[in-house]
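Understanding the architecture of this molecule
Below, each chain spelled out in residue letters.
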Amino acid sequence: MNQFLLWRSKRLRISLFLLIGLIIFPTLYSLLGRIFFPLPLDRLYPPPSIIVLDRKERPLRFFTSSDEKWRIPASLSEVSPKLVKAVVTVEDRWFRFHYGVNPVSLVRAAITNWKAGKIVSGGSTLTMQIARMMEPKPRTIRSKMIEILRTIQLESTYSKNEILELYFNLAPYGGNIEGSAAASYFYFNKNQEDLTLGEATLLASIPNSPEAFRPDGRRGGVLPARFGQYGPSKGREKVLKRLLKRGVITQNEFKEALSEPVPHERFPIPFFAPHFSRELKSAFGRNPGQNRLVSTIDRDIQLLVKKILQNYMRPLKEQGISQGAIVVLDTRTREVLALVGSADFFDPEASGQVNGALAPRSPGSTLKPFVYALAMDRGLLSPQTLLQDVPVDYSGYRPLNYDERYRGVVTAEEALTHSLNVPAINLTAQLKEEGIYTFLKEAGVSTLPNPREFYGLSIILGGCEVNLLELTSLFSGLARMGEFAPPRVLLNQSSLRPKRLLHEGAAYIITEILTEVKRPDLPSTWKSAINLPKVAWKTGTSYGHKDAWSIGYSPRFTIGVWVGNFNGVGSPGLIGSEAAAPILFSLFNAIVGAYGNTPLQERWFVEPLSVEEREVCATSGMIPSPHCSDHKKELFIPGTSPHQTCTIHKPFIISRSEGQTLPYRLCSHCRIGHSYETVVYEIWPPEIATWMERNGMPLPKIPEHNPECIEVPSGRAPVIHSPSKNSEYIIRQGVDLQLQKILLEASVSNNIRKIYWFLNNQLVFQGDPTERVFITPIPGRHTLTCMDEEGHSTEMTLVIR
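Calculation notes
- Residues numbered from 1 in each chain as written.
- Predicted model: local features only at pLDDT ≥ 70, side-chain atom pairs only at ≥ 80, totals over all residues.
- Heavy atoms only, no water.
- Helix = DSSP H or I, 4+ residues; strand = E, 2+ residues; numbered from the N terminus.
- Buried < 20%, exposed > 50% of the residue type's maximum accessible area, 1.4 Å probe, protein only.
- Contact = heavy atoms within 4.5 Å.
- Areas by Shrake-Rupley, 256 points an atom, 1.4 Å probe, with all protein chains shown as cover.
- Salt bridge = Lys/Arg side-chain N within 4 Å of Asp/Glu carboxyl O.
- pLDDT = per-residue confidence, 0-100.
- Lys, Arg positive; Asp, Glu negative; His and termini not counted.
- Pairing = 2+ DSSP bridges.
- Axes fitted to C-alpha atoms, helices over the stretch in contact; angles between N-to-C directions.
- Core = buried A, V, L, I, M, F, W, Y, C linked by side-chain atoms within 4.5 Å.
- Phe/Tyr/Trp six-rings, centres within 6.5 Å; stacked < 30°, edge-to-face > 60°.
- Lys NZ or Arg CZ within 6 Å of the ring centre and 35° of its normal.
- Disulfide = S-S within 2.5 Å.
- Parallel < 35°, antiparallel > 145°, perpendicular 65-115°, else oblique.
- Left-handed = near helix turned anticlockwise from the far one by under 90°.
- Nonpolar A, V, L, I, M, F, W, Y, C, P; charged D, E, K, R; others polar.

A tally of helices and strands in the chain yields 24 helices and 27 strands. Considering the chain as a whole, with its 801 residues, one finds that 52% of them fall into the buried category. In the chain, of all internal contacts separated by at least 6 residues, the share reaching a separation of at least 24 is 67%. Accessible surface for the chain amounts to roughly 39200 Å². Of this, 54% is attributable to carbon and sulfur atoms.

Enumeration over the complete set of coordinates arrives at 31 salt bridges. Between Glu-57 and Arg-292 there is a salt bridge; the shortest N-O distance is 2.7 Å. Here Glu-57, found in the loop between β1 (50-53) and β2 (59-63), pairs with Arg-292, found in strand β5 (residues 292-294); they are 235 residues apart in sequence, far enough to count as distant. Look at Glu-57 and you get partly exposed, because its relative accessible area is 42%. Judged by its relative accessible area of 41%, Arg-292 falls in the partly exposed class.

A separate point is the confidence of the model for the chain. For the chain, mean pLDDT is 86; residues scoring 70 or higher make up 88% of the total. Of all secondary-structure elements in the chain, the lowest mean pLDDT belongs to helix α1 (residues 2-7), at 48, while helix α21 (residues 468-479) reaches the highest, 98. Across residues 219-228, confidence stays below pLDDT 50; counting only partners more than four residues off in sequence or on other chains, it has nine contacts.

With respect to the secondary-structure elements, Arg-299 resides in helix α15 (residues 299-317). Although Arg-299 is buried, it makes no salt bridge; Asp-54 carries the closest opposite charge, 5.1 Å away. Non-local contacts of Arg-299, meaning those with residues more than four positions away in its chain, are made with Asp-54, Arg-58, Pro-59, Leu-60 and Phe-272.

What follows is about helix α18 (residues 421-431). Across the 11 residues that make up α18, a large majority, nine, are buried. Buried residues in α18 make contact with α16 (368-377), β8 (386-389), β9 (408-411), α17 (412-417) and α19 (436-442). Remark: Lys-432 follows α18 within two positions and exhibits a positive phi of approximately 60 degrees.

Moving on, we get to the sheet that holds strand β7 (residues 336-340). Spatial strand order, β7-β6-β14-β13-β12: five strands in an open sheet with antiparallel pairing. Where the open sheet ends on each side, the last strands, each with one partner, are β7 and β12 (536-541). Looking at each pair of strands side by side, their axes are set apart by 5 degrees on average, direction ignored. One ladder, built from seven bridges, connects strand β13 (residues 547-553) with strand β14 (residues 557-564); its direction is antiparallel. When the sheet's bridge partners are listed, Ser-550 is paired in β14 with Val-561.

Excluding glycine, a negative phi dihedral is what most residues carry, and trans is how most peptide bonds are arranged. Here the residue pair Ser-722 and Pro-723 is connected by a cis peptide bond, since its omega of 10 degrees sits within 30 degrees of zero. Take Pro-723: it is sitting in the loop between β20 (719-722) and β21 (728-729). Phi at Glu-68 takes a positive value of approximately 65 degrees, unusual for a residue other than glycine. Along the chain, Glu-68 falls in the loop between β2 and β3 (70-71). For Arg-334, which is not glycine, the phi dihedral falls at a positive 70 degrees. Examined against the element boundaries, Arg-334 turns out to sit in the loop between β6 (323-330) and β7.

Strand order in the open sheet formed by three strands is β2-β1-β5, with mixed pairing between adjacent strands. Both outer strands of the open sheet, β2 and β5, are each paired with one neighbouring strand and no more. The sheet shows a mean angle of 15 degrees between the axes of neighbouring strands, direction not considered. Judged from the four bridges that link them, β1 and β2 form a sheet pairing that is antiparallel. Looking at the pairing, Leu-53 lines up with Pro-59 of β2.

Below, the discussion takes up the pairing of β14. Successive residues of a regular strand alternate their side chains across the two faces of the sheet. The buried fraction of β14 is high, at eight of eight residues. Burial along β14 is two-sided: the face carrying Phe-557, Ile-559, Val-561 and Val-563 and the face carrying Thr-558, Gly-560, Trp-562 and Gly-564 are both buried. Alignment of β6 against β14, held across eight bridges, turns out to be antiparallel. From the neighbouring strand, Val-327 faces β14, where its bridge partner is Gly-560.

Moving on, we come to the environment of Gly-231. Relative to the elements of secondary structure, Gly-231 occurs in the loop between α11 (210-213) and α12 (232-245). Considering only alpha carbons, one finds Gly-231 and Arg-214, 17 residues apart in sequence, at a separation of 7.5 Å.

In terms of nonpolar packing, the biggest core is built from 78 residues, with Phe-370, Tyr-372, Phe-439, Leu-440, Leu-474, Leu-478 and Ile-510 touching the most fellow members. Once residues within four sequence positions are removed from consideration, Ile-510 is found in contact with Pro-369, Tyr-372, Ala-373, Met-376, Leu-416 and Leu-478. In terms of nonpolar packing, the next biggest core, distinct from the first, is built from 56 residues, Ile-177, Phe-186, Val-239 and Leu-240 among them.

Turning to the packing of aromatic side chains, a few remarks are in order. Tallying each qualifying case throughout the model produces 19 aromatic pairs. A centroid spacing of 5.0 Å and a plane angle of 75 degrees characterise the contact between Phe-370 and Phe-475, whose relative ring orientation is edge-to-face. With Phe-370 in helix α16 and Phe-475 in helix α21, the pair connects residues that are 105 residues apart, well separated along the chain. A single burial state applies to Phe-370 and to Phe-475, both of which are buried. An angle of 45 degrees between the planes, with centres 6.3 Å apart, marks the rings of Phe-475 and Tyr-553 as tilted. Placement of the pair is Phe-475 in helix α21 and Tyr-553 in strand β13, with a sequence separation of 78 residues. Both residues of the pair, Phe-475 and Tyr-553, count as buried. Taken together through their ring pairs, the aromatic side chains of Phe-370, Phe-439, Phe-475, Phe-484, Tyr-553, Trp-604 and Phe-605 make up a single cluster. Seen from the ring of Phe-95, Lys-160 lies directly overhead, with NZ or CZ sitting 4.5 Å from the centre. Over the face of the ring belonging to Phe-272 we find Arg-299, whose NZ or CZ atom lies 4.4 Å from the ring centre.

One covalent bond between the sulfur atoms of two cysteine residues makes up a disulfide. Following the criterion strictly, the structure yields zero disulfides and no others. In this structure Cys-628 is not part of a disulfide, and its nearest cysteine sulfur, from Cys-617, lies 3.5 Å away. Under the relative-accessibility criterion, Cys-628 is labelled buried at 7%.

At a minimum axis distance of 8 Å, the contact between helix α6 (residues 126-134) and helix α7 (residues 141-157) shows a crossing angle of 115 degrees. Viewed along their axes, α6 and α7 adopt a mutual orientation that is roughly perpendicular. At the point where α6 passes α7, the crossing takes the right-handed sense. In this structure, α6 contributes Thr-127, Met-128, Ile-130, Ala-131, Arg-132 and Met-134 to the contact, and α7 contributes Lys-144, Glu-147, Ile-148, Arg-150, Thr-151, Leu-154 and Glu-155. Tallied by class, residues from the contact of α6 with α7 come to six nonpolar, two polar and five charged.

Below, the structure is given as C-alpha cells:
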C-alpha cells in the first residue's frame, strides 16, 4: 500500500520519466541519426600534409595537403600532456563524465546569451566543437540541434581518448594550420610532445579565436586593430589564470610560463632535400595512411654534400657550367644517404628545380668497367690479356679512341684504366646478345626503352642514357662483389633480394683495377695524392662535352657525381677527370672522415677465396711457355680465366750455311743437311703486325722459308679489312669513277713480306702488305682474293651496283 502511494506521487513519476528519457532519448536520437544522417567520416579525417623525415626522423620537407592546409595527423600519445591538461581544464573540465553534451553549460550559455542580447557563448563541449569543425554552420538554434545530434553520434562511435585525438588533429590554429602537431612545428619548431607549459597554453588558447590569438597574426609586431586588446599573449594569460585558479599549476609555474617569449612569426618550412623529398611524395604520398615518410637520408651528410657541390660550382660557372648533382649510397645497405639534385634549387636561370640525379644523360665511358667485368665473368679475359687497339670496321662503324690514337695492343687492365674505346667496342661485339644491354636491364636500369639493336655497339661509349641514381647504384653492385638491387629510399622499405649478375671474383678484380691511381683520369688537382682516399673510381665524358661524370666506391660508401648543364649545352671544361673527379675525392675525404666511423684508410675489400694469383708472360699475358723470358703476376679466377699457353713467342729453326747471304727458315722437311740454330721470334696476329708496320713500329723480320722446300708452312691466312664483308658498294651517278675507288686492305702476320690481290682471278696488285691499294669499281658480283707469299689465302664476294 505504501509502495502504491509512493508511485502515485506526481513528482516521483516525473523524475523517473525524465531519467528514462535521458537514457533512451540520446540512444534513439543517435540511432535515427545514424540511419538518416550518417557521420561524414571523410571530414573527420581530412587529407593530411605529406612530411618527409630523415633517417633520424628530423624534418626534411613538408608539403601542404590537397586542400592547401598544413595538417599533420598525430596520435594522442604524441600530444603534450601539458597541452591535453590545459585544453580539457579550460574548455571542458567535465569531459570525462558527460555524454558529449553538458546540460549545465548549455543552460549557463543560454542565460549569458539572453543577457547579452546576442549569441556570445555556445556552451560547447570538446565533442561539440569537433562536430562544429566537422560541419561548420551559422550559429543558430537549428545548427545547435544538428551539432548535438553529431555530438551524440561521435560519443557513441568513439572513446573519450579517440575524441581527444580528433580534437587535436582538427583544431584550427590560424591561417591554414590545422592540428596541434602542425602548430608546434610552425610556431615553435619542435615536436608537440616537447612543448613547454607556456607553449602548450598558448596553443590551447588559439582555437577559441584563431585569427586573434595566432602568433603570426601580427604585422610588424602589432596585432590588427579589429582584434582590440586581444592577442596571443592575452590568450595564453587567460588560459594560465584558469589553470591557476583551478589548482592545476602552481604560482611559480604560472609566472614562469607567463614569462616565456611569444613567437611573432612562423618558423620556415624545412627544406633540406627538396628534389629527393618531392620524388618521395610523388612515389609514396598517395598511399593511404602514408603521409609520414621516414627516408634513408642523413640530413647531416645531405648538408655537407650540398655545401661541397656549391663550393666547386662557383669556379665552374665561369666556364659555362651551371649545374651538378650528387648521390651518396651506403654500400652495404644500398640506402640513399644524400641526394642533391642541383647546386641551387632556387636558381631559375640554371633550371635549379630539375632533379639532375634522375635526369637521363649520356654516361660517356662510365659503363666500361661492366663490359670488362662481363668479359672476365665469361672467361674471355684476365687483367693481362692482350686486346687489340687498331682501326676496326663494324659495317661502316669505325670507333675512335678519345685521343684519336691507337696503341696496337694493350692489356685489358691498361685498356680499362686508360678508358680506350676500341678494345671496349671489340669486347661488346664479342659478348653478343648476352652483353652489356642485357646486363643493364637485369641490373635495373630503367632508361633503356628501346631494343638492343637500337643502341648497337656504341652503347658502351655512352650511346644510351642513364641517370645518376641508377648509375651510382650499378657501381655499388660492383662494391657488393657482383650483387645488384635497386637503391633504398625509405627506412622501413622492404628490400628486394639482390641478383647475382657477376662472379664475385670478377667484381673484385675489376675493383682492384679501378683503384689504380696512375691513370689519365686522375684529376690534375689531386696529383699529390697525400690525402687521396682509397677508392675504386671511373670517370666519363659524353660526346660533345655535355656531361662530366665521376663514380667511386669503397666498402662503406658509393658516391656518384654529375656535372653539366640541364639545357644540354656543352663546354670544353666538361671533362670527367677535371670537372667531376675533384668533387668525388673531396666528398670521400669529407664523408669518410666525418661519418665513416672508421679511420680514413678504412678496411678494404677482402679478396674472395675464388681469386688467386699467377704468373703470366710479360709480353702476351698468357700462361708462360718455355720460350717466354719475362714474367709478371696477375689476379685470376681458376676455372674461368683464360688458360692458354703463350702463342706470341715461337721458336724457329734458322739455317747457318756458310756463304749464304740471308738465312732461311727451315721446316722439318728441309732442315736435313743444313747447319741451323733455334731462334725465338714474336709472332703477332695479322691485324696487329700490319698496324705496327704501318705506324713505324717494325717487328723483327722472320727469315723466309727455304725456297727449295716444296712444303707450305702452317700459319694464319690474311685478314681482309676493306672492302667490308657483306657490304654492297653503290656507284654514284655523275661522279668520276676515279673518285669512287675502293680500298683494298688486309692484315698478315709479321713473317709475311709480300701479298697478292686478285679480282676474279686476275692479279691486280703484288707487293708490301702495308701499301695502300685501290681499284676502280665495276658493276657486278666479283670474287676478291688476298694471298700471302706462303700460299695462305682469303676470299670474299664483292658486290658493286
